[in-house]
Amino acid sequence: MKYASQARSWTESAYADASTYLAHRADLVVTLGRQLVPGDEVLDLACGDGGLGEVFVARGFRYRGVDSTPEMVEAARQRLGERASVELGDLNDYVPPAPVAVTTVFRALYYTRDRRAFFEHVAAFTEKKLVFDLNPRQYRLEDVLADLRRAGFGQIVLRPFFMPQTIALPRPAAAIARKLERSGPLARLALRYRFTYLVAASPALETPTQ
Ligand SMILES: C[S@@+](CC[C@H](N)C(=O)[O-])C[C@H]1O[C@@H](n2cnc3c(N)ncnc32)[C@H](O)[C@@H]1O
């Protein structure tokens, strides 16, 4: 299996500066779109070895990781111990025991069998938002947004994510990268060639009928 042999050191090998990268990812999961608060439950589908979970439990969130590779699940359990729950499961079918505040899917959208059906599936148990990364050179943004809306995610916020995965930036450069994420046209230009969006999609708020 593709990921089995990488499970032991996934986070440390896949990210040049894992703590900066994952802290920034977690910041955006919390703040982009509908705000999360400590105590909220994060369901991380395709969680890998639970590197992101480490950040969330340290910040007082409840964390539930799910991955289909047994070696990743084992590595995540070793990393997180009693502080979180990690299960073997397929992101296409997994249903948590109770609704969660946020569902996240990072670097794994391509494992959905049917993207629209997946969004509908997640919408049934996600209270505040679904957050995932999206490569606009791989997927047509408009198609993904349309699938989200059809699944009932009426409030969608996008943010360019410019923290490089395989290069560790010195602190000042990392601060500039975070600033550039909010630079509008410049950011959109960069996304034509590199980097991804973070997408936060929340259920449409019901308007009271008079
Ligand atoms: C590129 S890694 C990303 C891991 C982690 N989310 C991250 O951002 O570092 C992809 C992960 O998806 C998992 N995976 C692949 N297909 C899956 C599926 N159908 N359901 C759940 N997890 C899956 C793999 O085992 C692997 O851990």
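Predicted, not measured: the structure shown is a model, and the values here were computed from it.

Chemist: Can you explain the site of the ligand? Please cite residues and give values.
Modeler: What surrounds the ligand is a group of 17 residues, the closest being Y15, A46, D67, T69 and L91. Here an oxygen atom of the ligand sits 2.6 Å away from a polar atom, N or O, in the side chain of D67. For the ligand, the accessible surface in isolation is 590 Å², of which the surrounding protein chains cover 94%. Looking at the shell around the ligand residue by residue, the class counts come to eight nonpolar, five polar and four charged.

Chemist: Give a detailed account of helix α2 (residues 18-31), specifying residues and quantitative values.
Modeler: Helical geometry note: an α-helix holds 3.6 residues per turn, so side chains three or four residues apart project in the same direction. Over its 14 residues, α2 runs 20 Å from end to end, which matches the ideal 20 Å to within 8%, given 1.5 Å per residue. Listed in full, the buried residues belonging to α2 are A18, Y21, L22, H24, R25, A26, L28, V29 and V30.

Chemist: Give a description of the pattern of salt bridges that names residues and reports values.
Modeler: Applying the stated criterion across every chain yields a total of 15 salt bridges. For the salt bridge of E54 with R79, the shortest nitrogen-to-oxygen distance reads 3.3 Å. Separated by 25 residues along the polypeptide, E54 in helix α3 (residues 51-58) and R79 in helix α4 (residues 70-80) bring together distant segments of the chain. By relative accessible area, which is 27% here, E54 ends up partly exposed. Given the relative accessible area of 23%, R79 is considered partly exposed. The salt bridge involving R113 is made with D90; its shortest N-O contact spans 3.9 Å. Note that R113 is positioned in the loop between β4 (100-105) and α5 (115-123) and D90 in the loop between β3 (85-88) and β4, a separation of 23 residues in sequence. The exposed category is assigned to R113, whose relative accessible area is 61%. By relative accessible area, D90 is classed as partly exposed at 31%.

Chemist: How would you summarise the pairing of strand β1 (residues 41-45) if you had to cite specific residues and measurements?
Modeler: Most of β1 sits out of view: five of its five residues are buried. Residue alternation in β1 divides its side chains into two sets, E41, L43 and L45 and V42 and D44, and both sets are buried. Looking at chain direction, β1 and strand β2 (residues 62-67) are connected through five bridges and run parallel. Residue pairing in the sheet places E41 in a bridge with R62 of β2. Pairing analysis gives four bridges linking β1 to β4, with the strands arranged parallel. Its bridge partner being in β4, L43 is matched across the sheet by T103.

Thresholds, definitions, all that
- Residues numbered from 1 in each chain as written.
- Predicted model: local features only at pLDDT ≥ 70, side-chain atom pairs only at ≥ 80, totals over all residues.
- Heavy atoms only, no water.
- Near = heavy atom within 4 Å.
- Polar contact = N/O pair within 3.5 Å; in protein donor to acceptor, adjacent residues only side chain to side chain.
- Areas by Shrake-Rupley, 256 points an atom, 1.4 Å probe, with all protein chains shown as cover.
- Nonpolar A, V, L, I, M, F, W, Y, C, P; charged D, E, K, R; others polar.
- Helix = DSSP H or I, 4+ residues; strand = E, 2+ residues; numbered from the N terminus.
- Expected span 1.5 Å × (residues − 1).
- Buried < 20%, exposed > 50% of the residue type's maximum accessible area, 1.4 Å probe, protein only.
- Salt bridge = Lys/Arg side-chain N within 4 Å of Asp/Glu carboxyl O.
- Pairing = 2+ DSSP bridges.

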